[in-house]
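Listed below are the residues making up each chain.
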Amino acid sequence: MKKEQIVIIGMGFLATYIIPCYENLLGEDIRTNVIGIKGSERGLKEKQAECSFPVIVGKVRETLEERRPDIIILTVKPNQIGDMTEGTLVPYYQMLREKGEKLPDLYSFAPDPSVDYFYNTLGADVNAANMIPNMVRKIKEYNVSETGVSFVSFDSRRQWPSENRKRALAFMEPTGTVVEVDGDKAIPFLSSQCACHLMFEFNYIAQDVQKELGKEVSLADCANMYRTAFRKSFDEECVKVIPCNGEGADKELMEFMELLMSSWRKGVLNFAESEKIPYEPANRLVCGSMETYQMEAQLEPKEVLVQNTKNHATPGGFLEMCLITFHKEGYEFITAQMKNWLTGKKEESVGKEFERIAFEVAKAISDHGKTVSGIKR
């Protein structure tokens with residue numbers, strides 16, 4: 001049986017991260033049926049050593065014409081997508097039409113531009129999808145991919161052949177629990193996920209407040225407690241991969257953590273609802289993301305968490321906006337409320353304020369996310 005040919009345009013971190021997806025689809029044929037294209041010579045030797053398939057620089061159009069791929073993976077930076085699509089892909093697809101050849105499926109790994117851009121730009125006969133993988137697949141020796149959520153967005157105007165659609169969804173399975181989201185919801189959906197990255201900050205706050213009150217507690221213990229407090233909201237089988245129990249935890253602290261976690265979840269879901277994202281995929285995304293980041297905080301030292309955040313908070317990106325908004329809107333408030341709670345000044349009503357902060361963080365990310373490609377539609 002003939003295996004698919006894949007051309008990857010933009011052989012950077014993300015294209016490398018999803019290597020298990022190529023392997024899942026092709027098996028051993030990954031060596032001959034995949035080629036990655038970098039934009040520059042920088043890091044070429046390292047990338048070639050990292051990949052079991054060829055990695056070259058430039059010559060995108062020539063490679064497409066030579067390989068005639070079944071699938072094009074587009075993983076260039078969002079602000080490069082417009083030029084690559086309009087300057088290279090549009091004429092390539094037009095050439096294939098003129099020759100009467102099959103058009104390749106396009107998987108774009110950026111939320112902006114959303115999939116409607118490809119429908120409008122490449123043509124109504126092209127199978128194009130936005131794909132966003134869960135970015136935490138493994139923590140230490142634990143496979144936590146099923147806890148997090150990956151998503152695929154199709155344009156509702158394009159009826160994909162059933163086999164191609166099935167292949168697109170299956171392609172993402174190695175990265176996490178796969179859900180389908182309408183094309184115009186990809187950016188707010190990803191923004192909801194990004195707002196959950198702040199679980200690291202929740203742990204820093206808990207550790208700092210307890211230290212101020214004279215109690216030394218590790219980040220691992222804080223995350224263990226947060227995860228235990230979250231079980232009323234999310235208790236799927238996948239959470240058992242990494243045990244948590246919260247034994248010996250301070251009763252007041254556990255109460256506060258449960259309030260904060262449940263309120264944050266509600267606030268992000270309120271944002272998702274305001275964007276008309278269906279409850280089921282939104283809830284699974286938010287819960288799975290909060291849980292995954294707490295798992296990470298439970299197992300990794302602070303310096304690793306800080307570095308992970310730096311790696312993902314690219315200048316002008318989603319996570320950078322998330323952190324900016326949270327430090328402006330909520331960090332000090334949550335710190336003060338936790339301190340109050342642990343010194344006998346409980347205010348149950350603060351849960352509503354936590355919900356509002358979560359909503360504002362997710363909204364700020366989404367508003368910003370709609371501008372990152374620079375493509376006006």
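One structure accompanies this document, and this report is about it. (Residues numbered from 1 in each chain as written. Predicted model: local features only at pLDDT ≥ 70, side-chain atom pairs only at ≥ 80, totals over all residues. Heavy atoms only, no water.)

## Focus: the overall build of the chain
Consideration 1: On a plain count of helices and strands, the chain comes out with 17 helices and 10 strands.
Consideration 2: The C-alpha radius of gyration computed for the chain amounts to 22 Å, which stays within 12% of the reference 21 Å derived for 377 residues, consistent with globular compactness.
Consideration 3: With respect to the principal axes defined by its C-alpha atoms, the chain has extents near 75 × 40 × 35 Å.
Consideration 4: Sorting the 377 residues of the chain into buried and exposed places 55% on the buried side.
Consideration 5: The long-range fraction of contacts in the chain, counting pairs at least 24 apart against all pairs at least 6 apart in sequence, stands at 73%.
Consideration 6: Accessible surface for the chain amounts to roughly 16,800 Å². Of this, 49% is attributable to carbon and sulfur atoms.
Consideration 7: Treating the 47 positive side-chain charges of the chain as one cloud and the 56 negative ones as another, the clouds have centres 2 Å apart. (Helix = DSSP H or I, 4+ residues; strand = E, 2+ residues; numbered from the N terminus. Rg over C-alpha atoms; globule rule 2.2 N^0.38 Å. Buried < 20%, exposed > 50% of the residue type's maximum accessible area, 1.4 Å probe, protein only. Contact = heavy atoms within 4.5 Å. Areas by Shrake-Rupley, 256 points an atom, 1.4 Å probe, with all protein chains shown as cover. Lys, Arg positive; Asp, Glu negative; His and termini not counted. Charge placed at Lys NZ, Arg CZ, Asp CG, Glu CD.)

## Considering the pattern of salt bridges
If charged atoms from side chains of opposite charge come close, those side chains can pair.
Consideration 1: Within this structure, the stated rule accounts for 27 salt bridges.
Consideration 2: Between Lys102 and Asp70 there is a salt bridge; the shortest N-O distance is 2.9 Å. With Lys102 in the loop between helix 6 (78-99) and strand 5 (105-108) and Asp70 in the loop between helix 5 (60-67) and strand 4 (71-74), this residue pair connects regions lying 32 residues apart in the sequence.
Consideration 3: The salt bridge partner of Arg356 is Glu353, with a shortest N-O separation of 2.9 Å. Placement of both Arg356 and Glu353 in helix 17 (residues 350-369) is noted, with a separation of three residues, approximately one turn of the helix.
Consideration 4: Several salt bridges converge on common partners, so that one network encompasses Arg227, Arg231, Asp235 and Glu291. (Salt bridge = Lys/Arg side-chain N within 4 Å of Asp/Glu carboxyl O.)

## Some details on helix 16 (residues 331-342)
Consideration 1: Taking 1.5 Å of rise per residue, 12 residues should cover 16 Å, and helix 16 covers 17 Å from first to last C-alpha, within 8% of that figure.
Consideration 2: Buried within helix 16 are the following residues: Tyr331, Ile334, Gln337, Met338 and Trp341. The arc that holds every buried residue of helix 16, seen down its axis, measures 135°, which confines them to one face.
Consideration 3: Remark: Gly344 follows helix 16 within two positions and exhibits a positive phi of approximately 85°. (Expected span 1.5 Å × (residues − 1). Arc of directions from axis to C-beta.)

## A short note on the side chain of Glu300
Consideration 1: Among the structural elements, Glu300 can be located in the loop between helix 13 (279-299) and helix 14 (302-312).
Consideration 2: A residue is classified by how much of its surface remains accessible, and Glu300, at 17% relative accessible area, is buried.

Take it as geometry only, folks, not as evidence of what the structure does.
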